[in-house]
Amino acid sequence: MCFASLCFALAEPPAWTTIREERPIDIAALLLPVLVFAPLAGSIAAICLPSRQGTEAAWLSGLVAFLCLGISVFLYLQVSHRGVITWQMDWIPQYGLNLKLRMDGLSWMFSGLISAIGLLVVVYARYYMSPSDPVPRFFSLFLAFMSAMLGLVLSGNLVLMAIFWEMTSIVSFLLIGYWYQNAQARDGARMALTITATGGLCLLVGLMLIGHIVGSYDLDAVLASGDAIRNHPLYLVALILILAGALTKSAQFPFHFWLPHAMAAPTPVSAFLHSATLVKAGIFLLTRFWPVMAGTDAWFWLVGLAGLTTLLLGAYFAIFQHDLKGLLAYSTISHLGLITVLLSLGSPVAAVAAIFHTLNHATFKASLFMAAGIIDHETGTRDIRRLSGLFRYMPHTATLAMVASASMAGVPLLNGFLSKEMFFAEAIETHKVNLLDTLTPYVATLASLFSVTYSVRFIHSVFFGPPPRDLPKIPHEPVRWMRLPVEFLVLACLIVGVVPSLTIGPMLHTAVTAVLGAETPYYSLAVWHGWNLPLFMSIIALVGGVLLYVLMKPYLANSVEGPPYIRRLEGQRIFERVLVTLSWRWARLIEAKASTRRLQPQLRILAAVSLLAAAVPLLHRGFQPAEIVLRGIDPAFAFVWLIGMACAVGAAWQAKFHRLAALVLLGGAGLITCITFVWLSAPDLAVTQLLVEIVTTVLILLGLRWLPKRIEQATKPEEMTFGVRLRRLRDFLVAVACGLGLTLISYTVMTRQMPGTISSFFLERAYSEGGGTNVVNVTLVDFRGFDTFGEIAVLCIVALTVFALLLRFRPASESLEKPEQQQVQNAYDDRHPDRAKGDSVSDYLFVPAILMRWMFPVIGMLAAYLFFRGHDLPGGGFAAGIAMSIGFILQYMAGGTRWVEERLRIHPLRWMSIGLLVCSATGLGSWALGYPFLTSTSHYLHLPVIGDVPLASAILFDLGVFSLVLGATVLILIALAHQSVRAPRAHIRAPRVGGKEVS
Amino acid sequence: MELVLSAGIGVLAASGIWLLFRPRTYQVVIGLSLLSYAVNLFIFGMGRLRVDAPPIIEKGGAGGLLTHSDPLPQALVLTAIVIGFAMTALFLVVLLASRGFSGNDHVDGRE
């Protein structure tokens, strides 16, 4: 069904709809999919580049990022003017899933941020990445990530949002693990994926719940029904699930620990992921749903507690990091906590501050990461204890880093100061009367103090002090282009910090009104607000922070990494412990207690469960088996089935000790099945069953040789233990119960009137639409051609699997000798000097061999006959293919493997691939003509002498089926037949390889 | 007719299921084949049993369930026969490979 609807959706012309119906071509709306899918296309193009062509990949990525930035800038006027731009294409409208992209002020701000910082990071990465790395892969992943982020912020449908969210998780996993030869990178990537993907799963469920509450997955509908969401009984569940997604992604306590480990990624990745994009996705989500979910007590407590803890802990931990990037990572965690606290408060002014700080943090943190990367790149280390006095070597970079750190610390006249002041102002406001709200200003000041300390530490210990000793490289300024992105970002920090309302003001306003709408409060972006409490808090933080650094400097210079006392309380250890317990200990325990690796109990459980699953509902609903009527039984039919049952029971009885007898009896049961099909008006089934029966028997005969000998011992009844008997009895009862159940059900169904079915559809339209009179064949190759297509693919896979398994096949050593009969014959030949070895074998088969050889063209003719009549009369591709393969196997039996392969060209693999290609080409052909996959047309072609030949396009499909079935069957048979040629050779070779038996 | 066929299905299925529980791989392969006959016949029987009414229609005409047997279960069973063949082949080879690797023909690879 899914495939069918997908095909349907693909075949339909895409429905381009824009929200402004009166303007048929809305360029702004059409640019939205370009914004999302251009990076994706660029990503695919970049991965196709050879791994040496890093510069080309960088140019490509730069152009794509520039294009995205250009589109974002262009769309600003539209967004600020119109409010919302939407673009929509139907995907699976039945499930409310549309490709809907929607840009409002907030998504505009984020897409601008993503593409601007993306462009800068591309420039930076061009010079950062070493040519020995596979650089195109880096840029490909980078662009894919950019596409995912843009898709996330622009999606106007909740499900689409979840899809892009997952995509960010997966691509960030690949980016963090870019240097996969490094164990730290692998662990960090895996941890990030485990945490964020688990969160993503919760988010998906949460979004589904929101969709359920609202009755639509459309974001516009969701944003319009805030009251309905907040007052719904499922609100709390949905909130917790969505928070689980957002807080894991944004590395909030207690899920914060993955972020420092993600620092094993290349620095450009950190600069992009951990400033403007990945971790901001959670913030984006919280901001997006702020209008409809915030303001409740649950929101205040959950978000506030997580944010406040993260704010303080992140800042505290950051002080004690010796790795530059580690310090920045914890600082990122802390600043994200700050934004989360602001969002938790539920007041519009706080939301403004949150959006503003999101922007500011992205600018200064991206530049700091880049600066840290430059230091690492030019000195060879990121360890703060080893770095010192770098100012004299790289004054430009040092100045830039200082300005950016000052912004991080919240020094006036820089952008970080402005949003921090807004945060302080909001912290001292009373929003709810409770302990958390009372604590907020104190925690805020303390965290800010810590952030001053780590910022000062970053600058002072790296750039000042004595010249560094024994660094891996002599430090120097980086190339001009590597510094340019940092300069640009630092300039932005400065300008926004000095004249905020002239620069960032209007854009911020656009973003804020998109979130708050009519609630947009008055806020001032001025630098100077007079001597007020927030300013005093800032002064306390600045002075206290510097003092704390001075006091702690001696300790930090020699301490081990991590904060004192709680160093051992690492999230990572707990995480790993949990993972090991869950995925190893518990899994093993459950397997040991509740499961088994033995096949027999599993099959018994399977049969017993199916028995119960069928019996319980039937008995529950009062199942009455139909009354058994003995009249009207055809004695001949009854006799046939008497033989059939005897065969079945005999096969079951003999399968252990008399394999050949069991095989013959199995064939007998198969023949009875075949006769039943003939009797009961199913000629197609009878033909196919008969042919398959022959091939199966040959196949098993070929396999019999490799099984161990098992000779029935005269087991006396008293030697069978009680346990064995009990087990047999139980198996017998289960088997009989299953058989009896099937009998009852089938008898009851078969004696009832047929309800209305879809079968008449096929009977009525087989000729008018399928162009054939054999309804079964028309159904297979036309109406349900897609099923058949899948089925032959299965056959193809099975044949290849058989082939592959037999390539590595080593028979057991006791089966290696020639079969007993052949040994006797060869011994006879040896004794008689006038006979060559192997003569007796061919003598035995002399007459049959001639017959079999001459049968080949006859069987070929039969196969062709079956094939061509298939559309109108019993036959068809399946039957023809199997018949033809019997022709081939007869040749093998008559002449032996080598004889045949010297004379016939047998390429089963080629036949199979041709078959599969022909079938897909037939399907695709109808696509090209504008019809759904595998639509067929039909005509009759009049040939002289032969008469009317049905010529439907379905016959091409049937030809593919024929070719594939022939190839697969021959491949299986030949692979097995070859074993008797290969095995002795392999046996001779094996001891030579390693000096002892390999198999 | 129905009674005989359903009894036949039952016996085939019971013999097949009995063999599935046996410890030797060959028994399991034979059992699966028997079971697949039973299941194919069962599915086929769901279209009801008809004599002399194959689902082959007149040229240019249209058939109906009054005059023809049900083609749908037949189409399904035709597919099932081929897939059943593939399954038997695969199991047979797995059986041989397992015998080669483990040296015995127990379903678990060890006695």
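Residues numbered from 1 in each chain as written. Chains lettered and ligands numbered in written order. Predicted model: local features only at pLDDT ≥ 70, side-chain atom pairs only at ≥ 80, totals over all residues.

Q: Which parts of the structure should I look at to understand the overall build of chain A?
A: Tallying secondary structure elements over chain A gives 40 helices and five strands in all. Long-range contacts, defined here as pairs at least 24 residues apart, represent 78% of the contacts in chain A between residues at least 6 apart. (Helix = DSSP H or I, 4+ residues; strand = E, 2+ residues; numbered from the N terminus. Contact = placed C-beta atoms within 7 Å.)

Q: What am I meant to see in the overall build of chain B here?
A: Helix and strand content of chain B: three helices and zero strands. Ordered by position in the sequence, the α and β elements of chain B form the string α-α-α. The proportion of buried residues among the 111 residues of chain B is 68%. Across chain B, the fraction of contacts at a sequence separation of at least 24, relative to all contacts at a separation of at least 6, is 54%. (Buried ≥ 20, exposed ≤ 12 C-beta atoms within 10 Å, placed from the backbone.)

Q: How do you make sense of the environment of T801 of chain A when you look at a structure like this?
A: Following the sequence through the fold, T801 of chain A ends up in helix α32 (residues 785-807). Sequence separation of T801 of chain A and I972 of chain A is 171 residues, and the distance between their C-alpha atoms is 9.3 Å.

Q: Before we go on, may I ask you to explain the interface of chain A and chain B in this structure?
A: The parts lose accessible area when they come together, and the size of an interface is often stated as this lost area. If you look at the interface, chain A gives 95 residues, while chain B gives 83 residues. Of all elements in the fold, only α25 (599-620), α26 (635-654), α27 (659-679), α28 (683-704), α29 (722-750), α30 (759-770), α31 (775-783) and α32 of chain A reach the threshold of two or more residues within the side of chain A that touches chain B. With 14 residues, the single largest contributor to the side of chain A that touches chain B is α29 of chain A. Of the residues belonging to the side of chain A that touches chain B, the class tally is 60 nonpolar, 23 polar and 12 charged. (Nonpolar A, V, L, I, M, F, W, Y, C, P; charged D, E, K, R; others polar.)

Q: Before we go on, may I ask you to explain the pairing of strand β2 (residues 85-92) of chain A in this structure?
A: Regular strands have side chains that alternate between both faces of the sheet. All names here are of chain A. Relative to strand β3 (residues 97-103), β2 runs antiparallel, the two being bridged by seven bridges. What sits directly across from M89, in β3, is L99. Between β2 and β3, which pair antiparallel and follow one another directly, the connecting turn spans four residues, one of which, G96, has a positive phi of 70°. (Pairing = 2+ DSSP bridges.)

Q: Explain the UniProt feature "transmembrane region" (unreviewed entry) in chain B here, please?
A: Residues and elements named next belong to chain B. UniProt's feature table lists "transmembrane region" (unreviewed entry) at residues 6-21, 28-46 and 75-97, given in the numbering used throughout. Secondary structure across residues 28-46 comprises 95% helix and 0% strand; the distance between its end C-alpha atoms is 27 Å. Within the segment residues 75-97, helix and strand shares are 100% and 0% respectively, and the terminal C-alpha atoms sit 33 Å apart. (UniProt positions renumbered as here; feature names shortened; annotations may be inferred.)

Q: I keep staring at the packing of helix α36 (residues 877-895) of chain A against helix α39 (residues 953-977) of chain A and nothing clicks. Help me out?
A: A pair of packed helices can be characterised by two numbers: the angle between their axes and the separation between those axes. All names here are of chain A. Their axes nearest at 8 Å, the elements α36 and α39 cross at an angle of 30°. Considering the angle they form, α36 stands roughly parallel to α39. Our pair here, α36 against α39, has a crossing hand that is right-handed. Across the interface between the two elements, G877, F878, A880, G881, I882, M884, S885, F888, I889 and Y892 of α36 pack against D958, L959, V961, F962, V965, L966, T969, V970, L973 and A977 of α39. Class assignment for the residues of the contact of α36 with α39 results in 15 nonpolar, four polar and one charged. (Axes fitted to C-alpha atoms, helices over the stretch in contact; angles between N-to-C directions. Parallel < 35°, antiparallel > 145°, perpendicular 65-115°, else oblique. Left-handed = near helix turned anticlockwise from the far one by under 90°.)

Q: Is there a simple way to think about the nonpolar core in this case?
A: Nonpolar side chains tend toward joint burial in soluble globular proteins. Grouped together as the largest cluster of nonpolar side chains are 204 residues, with contacts concentrated most on L32, I117, I176, L342, A371 and A404 of chain A. Top element by residues in this core is helix α16 (residues 348-379) of chain A. It accounts for 18 residues. Those residues in contact with A404 of chain A that lie beyond four places of it in its chain are F364, S367, L368, A371, V490 and C493 of chain A. Judged by nonpolar contacts, the second largest core, of 135 residues, contains A655, C796 and A879 of chain A together with L20 of chain B. (Core = buried A, V, L, I, M, F, W, Y, C linked by C-beta atoms within 7 Å.)

Q: Looking at this model, I keep getting lost on α25 of chain A. Mind explaining?
A: Residue pairs three or four apart in sequence face the same way in an α-helix, which turns once every 3.6 residues. Compared with the 32 Å implied by 1.5 Å per residue over 22 residues, the 31 Å span of α25 of chain A between its first and last C-alpha is a close match. In the segment just after α25 of chain A, G622 of chain A is the residue with positive phi, at about 75°. (Expected span 1.5 Å × (residues − 1).)

Q: So what exactly am I meant to see when it comes to helix α19 (residues 435-463) of chain A here?
A: All names here are of chain A. The end-to-end C-alpha separation of α19 is 42 Å, in line with the 42 Å expected for 29 residues at 1.5 Å each. Of all the bends in α19, the greatest, near 35°, is centred on P441. Phi turns positive one or two residues past the end of α19, at G465, with a value near 90°. (Bend = angle between axes of the 7 residues up to and from the residue.)

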